[in-house]
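# What the coordinates show
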Amino acid sequence: MFRPKIPTMPTPTGVTTPPTVIEPTSVIPHTPTTPTPPVPASARPTIQLTPGTALALVGGGTAVVLVVGAVLVSLLLAVAITGASLAICALVIRSLVTTSAKQR
């Protein structure tokens, strides 16, 4: 009951191709040549900035800074407006409570 059922491999259907036979080939001896010295590879690829790509990077960075600044300023304004409205509500409730207490 608790043993997993392992599926069996399905048998292929349709036309099957027989396996291809690979025949060994003869080995041709290699004539040695003088090895060329390896070129030292740098750890980092070099990036060449053209004036166009530099201008695009500066423009993109400026756009990102402007968008992030606009979002942060709007969040600050939202917090300020919420705080001011809560302060006005507190003053109105306080005045209502004090006037109802004086009438009794």
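Presented here is an overview of the structure given in this document. (Residues numbered from 1 in each chain as written. Predicted model: local features only at pLDDT ≥ 70, side-chain atom pairs only at ≥ 80, totals over all residues. Heavy atoms only, no water.)

### Looking at the overall build of the protein
When helices and strands are counted, the protein shows one helix and zero strands. Taken against the 2.2 N^0.38 rule, which gives 13 Å for 104 residues, the C-alpha radius of gyration of the protein at 40 Å runs more than 25% over that of a compact globule. Here the C-alpha coordinates of the protein stretch approximately 115 × 70 × 25 Å along the principal axes. A burial count over the protein gives 0% of its 104 residues as buried. For the protein, the exposed area adds up to about 10,900 Å²; of that, 73% sits on carbon and sulfur atoms. (Helix = DSSP H or I, 4+ residues; strand = E, 2+ residues; numbered from the N terminus. Rg over C-alpha atoms; globule rule 2.2 N^0.38 Å. Buried < 20%, exposed > 50% of the residue type's maximum accessible area, 1.4 Å probe, protein only. Areas by Shrake-Rupley, 256 points an atom, 1.4 Å probe, with all protein chains shown as cover.)

### A few points about the environment of Ser85
By the element assignment, Ser85 lies in helix α1 (residues 51-103). Taking the C-alpha atoms as reference points, Ser85 and Gly61, 24 residues apart in sequence, are found 36 Å from one another.

### Examining a nonpolar patch on the surface
A grouping of Val64, Val67, Val68, Val71, Leu72 and Leu75 is seen on the molecular surface, where their side chains present a nonpolar patch of about 540 Å² in accessible area. For Leu75, the location among the structural elements is in helix α1. Overall, the relative accessible area of 51% leaves Leu75 in the exposed class. (Patch = residues over 30% accessible without salt bridge, like charges linked within 9 Å, V, L, I, M, F, W, Y side chains within 5 Å. Salt bridge = Lys/Arg side-chain N within 4 Å of Asp/Glu carboxyl O.)

### A closer look at the environment of Ala63
Mapping Ala63 onto the fold places it in helix α1. The class for Ala63 is partly exposed, based on a relative accessible area of 38%. Considering only alpha carbons, one finds Ala63 and Ala101, 38 residues apart in sequence, at a separation of 57 Å.

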